[in-house]
Amino acid sequence: MNKPLALQEVMIDTKFLAKRLESETSGEVMTDVASRGRYATDASIYQTMPVAVFVPKTAEDIVAAIQIAADLGVPVLPRGGGTSQCGQTTGPALVIDNTKYFRNILDINLEQGYVDVQPGIVLDHLNAALKKHQVWYPVDVSTAAQATIGGMAGNNSCGSRSIAYGNMVHNVLGVDAWLADGQAASFGLMKNATGKALELGQFVQSLAHQHQAEIEAKWPKVMRRVAGYNLDIFNNQSERPYTQDGQVNLAHLLVGSEGSLAYYKQLRLALSPLPKHKTLGVVNFTSFYEAMDSAQHIVKLMPSAVELVDRTMIDLSRSNPAFKSVIETALIDVAGKTPEAILLVEFSGEELAPLEKKVKDLVSLMADLGHPGCVVEMINAESQKNLWEVRKAGLNIMMSLKGDGKPVSFIEDCAVPLESLAEYTQDLTEVFSKYGSRGTWYAHASVGTLHVRPILDMRRGGAQKMRAIAEEAAALVKRYKGAFSGEHGDGICRGEWIQWQFGPKLTEALGEIKHAFDPNNLFNPGKIINPPKMDDESLFRFPQTYRVIPLKTSLDWSSWDVQNDPVTEKTTAPGTGGDPSGGFAKAVEMCNNNGHCRKFDAGTMCPSYRVTRDEKHLTRGRANTLRLALSNQLGKDAFLSEDVKEAFDLCVSCKGCKRECPTGVDMAKMKIEYLSHYKKSHGWTLRDRLIAHLPRYSHHIAAIPGLAFMLNLRNTIPGLAFLGEKLTQISAKRSLPTWRRDTAWRSMIGSTEDALFASAKPVVLWADTFNGCFETENIKAAVNVLEASGYTVHIPQKKQGHYCCGRTYLASGMVDEARASAQELLDAFTRYTDKNIPIIGLEPSCILTLRDEFLVMGFGDSAKTLAKGSQTFEEFLVSEATAGRFAPELKACEQQILLHGHCHQKSFDAVKPIISLLKMIPQAQPQLIESSCCGMAGSFGYESEHHQVSLQMAEMQLLPAIRQAPDAIVLADGSSCRHQIKDGADREALHVARILEMHLK
Ligand SMILES: Cc1cc2nc3c(=O)[nH]c(=O)nc-3n(C[C@H](O)[C@H](O)[C@H](O)COP(=O)(O)OP(=O)(O)OC[C@H]3O[C@@H](n4cnc5c(N)ncnc54)[C@H](O)[C@@H]3O)c2cc1C
Ligand code: SF4
Ligand code: SF4
């Protein structure tokens, strides 16, 4: 078998290629090693540096790029979200990213039931636009929030509901594409074909006729066969025909071709009516085998999906705070033994009653099969939606395993006939244990395609085990007459199995198709035709030669520095993983490139990507840049280079990824670590110092008469802000917070420490720098609310100052100063935590620092105790209310209350308490704004070079939502959020403490 075109063979023309692309197109051209590195991987185990990356702005740009590449003999690799699991989007080619500009809906024709789209459109975005027409595109892949239609067609993707709707190939009506020489061709029904499309269609038809007997003998009959090219469109072999009326559609030749035949320009997709109702029966099994055996009977009830979640996955979900309560809604007996497997059986249709009846039929069927009382009946739409989200997160939940052993995808989507599913899974489980591994099973039981990934350490002999397991799995697939590649495509890990599946004659025929379409082998070479070996180490992301640079880290990353047992999944003690960077590199390597951070739906992650759509400004892009730098793949001393700095430039440290990245990549913490090294080596700027030391000098400003007044002139006297910007790079377009003399500590608010210790309801209100210096009324409001309910409130302070968490130092990478500040606070607060006196704070980013960064600064158990005792104002009051100790008398609220959650509150799931607290106000109807980061993000929005992007972040949802509700009270607990709202929408937002105070009777 040939290796894909080696990088050296095409390097010769790279510079010239870039030059021509720059002069002949309007697209973005990237040839630097960091940018190429960010496109070198997908969600597979493979990595290959592209020749260059091109982000076209127009269709003309793409044609020009294809022609330039053809002139220079450079391969072309079209790319969508890059979420492929088999290495389809890795290759030494000119990678063309369709997702930034080539993502429009071109036409919706409801009468004829189709939609025309560009290939870079994301499935969820398409379906959001279709929803108002009561139709949808039903190939519902788990990666719907980031997978593009072009990528889905490239892989012939399949969703959870493929039993009802089929695969991608069953739902594509036409493809307009460019061939390898840039020529356009339109692929649709064979009977209407003309020109080059007809010529190619006729050629493939003659091949199909020539090989008819071989096709009938060798072609898998299961619906979930996605390997190779669809040579059987002229004589369908699948249990589901390509078209309902038996007509041949040449577009189907291109579906599943993984970018190796043609470049999709636009696709015509069949629309399906959006089902009005859905019901769900969740069948709990005490035996995995029985679950698998039941699938063949359950499908006779005509469900729209039957999806498996096994015990390991249930356990993992239960141990994850984000999923625990949801997965437990699926269990018959939450307190009892965890089921070995559950099957999610969905019914959908126009009327609810028949679907409810279907669930009852399922209950009866299960009783008949000897499993009475094992079905959770889920009729509520919201509960169903939540449970589907957990199922969709299945793979990612699995991938959160720490250590170098990871669940590896290479036989994760073999498809077998349902009658053999139980035997097949049992046999394969035995294979895993033979090789010292174990598989976690989940996904599409309805169509016999179960996902399973044995845990392998690719750095330590994983490749050999991978081959051995693949060979045994293949033998099983053959025995049970299945398909080796049933969902995720061929790519690198299954390419070599095409010949195994179809035999030499058909493989040769597939090669002839490739040659007819792409005679010079320029479109994604090495995919489907002439693939490399799946275990070719030179193509691995983590080959045995992978090494990390030694690094003395500023924060404690030892909890990532572990290894795991592939069978029990137990991890070794922190610090024993052998990482020369103390666990930092291993934390970075947790990014498996699944692309979930490319989402735009609810949640925060990733605001910088949401406004730029640049891979560089995406959590994944940052993680890849860091990984490559830490493993010396970006050149000497790359870790402290501008490449890495630039990748962090727009990261607003919102901590969105900390919660929303399925494998827990915490880029905000990584940014602190990175800045601490970068700034130590390159020096801190005046602006860095002004921001970092703010908590210290703020007290002097308040203490010296007249100084606050003078400094505030910057906001009013024309020209001063401009001069300030020249000197400090703090944007002249921003007003700065107003200095004042009556800071919280000079105002003598609250009670003495003696009174606190003597009180029955003591509470320490920690006045942070921002509320304490600039918004004393928030502190006063909190004290008033607490005192009105009988609490004794003490505000700690020290001589000439206050205790600071060190947040501003952390944001500037001054970890030593932050640690000193934090240590001082920790020492001072121990006397309260020792007495179990709660510590509460108003500024989310400050109080949550005590629960987050403090734990990785080397303070040991005292930090854990403080973290446990520290709460936001609203968290404390809600827990007190639940315990019956807080029941204030409040006036009714007539006005709408619009709530913007601070990113760190969202990251710690600490927004709900604000809503609960507001609901204590009679008639209050708080409404959460579905917003990502406000864009101010501490000092980010004040920085002159970030002012514009900061406002763009706010304009995504936050500011428009506020403008649409001119009479609403706006609530924002974060001081920078309040400032952004004032600057962007000219509205005063209030801390929840102020709103409660306003409603005290
Ligand atoms: C966590 C996780 C869950 C997944 N779940 C599913 C699932 O439920 N079902 C499923 O089927 N897959 C699943 N996948 C695999 C993957 O998400 C899908 O295959 C997805 O459709 C790929 O879309 P993409 O935009 O990321 O494509 P990419 O990975 O970018 O590209 C896929 C292929 O399409 C080609 N391509 C892209 N654009 C064009 C174009 N314009 N012209 C020609 N060729 C093009 C590429 O060259 C490549 O070969 C999952 C992956 C992950 C990581
Ligand atoms: S950062 Fe997280 S969400 Fe983004 S690709 Fe990596 S693992 Fe996925
Ligand atoms: S911290 Fe926020 S901005 Fe930075 S990578 Fe994570 S989600 Fe993106």
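Bear in mind the structure is a predicted one, so any value in this text is a computation, not a measurement.

Examining the overall build of the protein chain
Per the secondary structure count, the protein chain includes 43 helices and 27 strands. Scaling as 2.2 N^0.38, a compact globule of 1001 residues should have a C-alpha radius of gyration of about 30 Å, and the protein chain matches this with 30 Å. Projecting the C-alpha coordinates of the protein chain onto the three principal axes gives extents of approximately 95 × 70 × 60 Å. Relative to its 1001 residues, the protein chain shows a buried fraction of 63%. Residue pairs at least 24 apart in sequence account for 74% of intrachain contacts in the protein chain once pairs closer than 6 positions are excluded. As displayed, the protein chain offers around 36500 Å² of accessible surface, 52% of which is attributable to carbon and sulfur atoms. Of the side-chain charges in the protein chain, 106 are positive and 112 negative, and the distance between the mean point of each set is 3 Å.

What to know about the environment of Val-248
Relative to the helices and strands, Val-248 is located in the loop between α9 (212-218) and α10 (251-254). By relative accessible area, Val-248 is classed as buried at 19%. As a C-alpha pair, Val-248 and Lys-337 span 89 residues in sequence and 52 Å in three-dimensional space.

Let's talk about the side chain of Thr-728
Residue placement: Thr-728 occurs in helix α29 (residues 720-728). Residue classification places Thr-728 among the buried residues on the basis of a relative accessible area of 10%. Among the polar contacts made by the side chain of Thr-728, one reaches the main-chain carbonyl oxygen of Gly-724 at a distance of 2.6 Å. The contact partners of Thr-728, leaving out residues within four places of it in the chain, are Leu-686, Arg-687 and Leu-690.

Here we look at helix α42 (residues 975-985)
Burial analysis of α42 places eight of its eleven residues in the buried class, the great majority of the element. Buried within α42 we find Ser-975, Ser-976, Cys-977, Arg-978, His-979, Gln-980, Ile-981 and Ala-985.

Remarks on the site of ligand 3
Around ligand 3, 13 residues are found, and the nearest of them are Cys-606, Arg-622, Cys-651, Cys-654 and Cys-657. For the shell around ligand 3, the secondary structure elements donating two or more residues are α22 (619-630) and α25 (667-682). Its residues assigned to classes, the shell around ligand 3 shows nine nonpolar, two polar and two charged.

Describing the pairing of strand β18 (residues 449-452)
Burial along β18 is two-sided: the residues Thr-449 and His-451 and Leu-450 and Val-452 are all buried. Taken together, the four bridges between strand β17 (residues 441-444) and β18 define a ladder with antiparallel strand orientation. Across the sheet, the residue bridging to Trp-441 is Val-452, located in β18. Where β17 folds back onto β18 in an antiparallel hairpin, the turn is made up of four residues, including Gly-448, whose phi is positive at roughly 70°.

Some points on helix α15 (residues 381-392)
Taking 1.5 Å of rise per residue, the twelve residues of α15 would be expected to cover 16 Å, and the 16 Å separating its terminal C-alpha atoms lies within 8% of that figure. Listing the buried residues of α15 in full gives Gln-384, Leu-387, Trp-388, Val-390 and Arg-391. With its buried residues spanning 155° around the axis, α15 presents them on a single face. By the N-cap criterion, in which a side-chain oxygen at the helix start approaches the backbone nitrogen of a residue two or three places on, α15 is capped by Asn-380, the distance to Glu-382 being 2.9 Å.

Considerations on the site of ligand 1
The environment of ligand 1 is formed by 37 residues, the closest being Pro-78, Thr-83, Ser-84, Thr-148 and Cys-158. Ser-84 has a polar side-chain atom sitting 2.6 Å from an oxygen atom of ligand 1. The backbone of Glu-258 places a nitrogen or oxygen atom 3.1 Å from an oxygen atom of ligand 1. When residues of the shell around ligand 1 are traced back to their parent elements, those giving at least two are β3 (76-79), α6 (149-155), β10 (263-270) and α16 (394-399).

Quick word on the sheet that holds strand β6 (residues 114-117)
The strand order across the open sheet formed by five strands is β5-β6-β10-β8-β9, and the pairing between neighbours is antiparallel. Looking along the sheet, the strands with just one partner apiece sit at the ends: β5 (105-109) and β9 (184-187). Neighbour to neighbour, the strand axes of the sheet diverge by 10° on average, direction disregarded.

Regarding the packing of helix α11 (residues 288-298) against helix α14 (residues 352-368)
The relative placement of two packed helices is expressed as an angle between their axes plus a distance between the axes. One way to put it is that α11 packs onto α14 with a least axis distance of 11 Å and a crossing angle of 130°. Considered as vectors, α11 and α14 are oriented oblique to each other. Seen from above, α11 lies across α14 with right-handed handedness. Contact residues: α11 offers Ser-294, His-297 and Ile-298, while α14 offers Leu-362, Leu-365 and Met-366. A class-by-class count of the residues in the contact of α11 with α14 yields four nonpolar, two polar and no charged.

Re a nonpolar patch on the surface
Residues Ile-717, Leu-720, Phe-722 and Leu-723 make up a contiguous nonpolar surface patch of roughly 370 Å² in combined accessible area. On the basis of relative accessibility, which here comes to 53%, the residue Leu-723 falls in the exposed class.

Remarks on the nonpolar core
Of all hydrophobic cores here, the largest spans 71 residues; its most connected members are Phe-584, Leu-626, Met-667, Met-670, Trp-766, Phe-829 and Phe-854. No other element matches helix α34 (residues 815-833), which puts eight residues into this core. Other than its neighbours up to four places away in sequence, Met-667 contacts Thr-619, Arg-622, Ala-623, Leu-626, Phe-648, Cys-651 and Cys-657.

Here we look at the sheet that holds β17
Strand order across the open sheet formed by six strands is β15-β12-β14-β13-β17-β18, with antiparallel pairing between neighbours. Edge positions in the sheet fall to β15 (375-378) and β18, since each has one partner strand and no second. Averaged over all neighbouring strand pairs, the angle between strand axes comes to 20°, with direction disregarded. Strands in contact with α15 are β12 (277-285), β13 (305-310), β14 (341-349), β15 and β17; relative to β12, the strand with the most contacts, it is inclined by about 55°.

Focus: the pattern of salt bridges
For the structure on display, the rule yields 63 salt bridges. Measuring nitrogen to oxygen at the nearest pair gives 3.6 Å for the salt bridge that ties Asp-637 to Lys-636. Judged by relative accessible area, Asp-637 falls into the exposed class, the value being 56%. Look at the salt bridges and you will find they share partners, linking Lys-655, Lys-658, Asp-666, Lys-669, Arg-807, Asp-852 and Glu-853 into a network.

Details of the confidence of the model for the protein chain
Mean pLDDT over the protein chain works out to 95, with 99% of the residues at or above the 70 mark. Every residue in residues 1-10 scores below 50 in pLDDT, and together they form 21 contacts with partners more than four places removed in sequence or on other chains.

Calculation notes
- Residues numbered from 1 in each chain as written.
- Chains lettered and ligands numbered in written order.
- Predicted model: local features only at pLDDT ≥ 70, side-chain atom pairs only at ≥ 80, totals over all residues.
- Heavy atoms only, no water.
- Helix = DSSP H or I, 4+ residues; strand = E, 2+ residues; numbered from the N terminus.
- Rg over C-alpha atoms; globule rule 2.2 N^0.38 Å.
- Buried < 20%, exposed > 50% of the residue type's maximum accessible area, 1.4 Å probe, protein only.
- Contact = heavy atoms within 4.5 Å.
- Areas by Shrake-Rupley, 256 points an atom, 1.4 Å probe, with all protein chains shown as cover.
- Lys, Arg positive; Asp, Glu negative; His and termini not counted.
- Charge placed at Lys NZ, Arg CZ, Asp CG, Glu CD.
- Polar contact = N/O pair within 3.5 Å; in protein donor to acceptor, adjacent residues only side chain to side chain.
- Near = heavy atom within 4 Å.
- Nonpolar A, V, L, I, M, F, W, Y, C, P; charged D, E, K, R; others polar.
- Pairing = 2+ DSSP bridges.
- Expected span 1.5 Å × (residues − 1).
- Arc of directions from axis to C-beta.
- Axes fitted to C-alpha atoms, helices over the stretch in contact; angles between N-to-C directions.
- Parallel < 35°, antiparallel > 145°, perpendicular 65-115°, else oblique.
- Left-handed = near helix turned anticlockwise from the far one by under 90°.
- Patch = residues over 30% accessible without salt bridge, like charges linked within 9 Å, V, L, I, M, F, W, Y side chains within 5 Å.
- Salt bridge = Lys/Arg side-chain N within 4 Å of Asp/Glu carboxyl O.
- Core = buried A, V, L, I, M, F, W, Y, C linked by side-chain atoms within 4.5 Å.
- pLDDT = per-residue confidence, 0-100.

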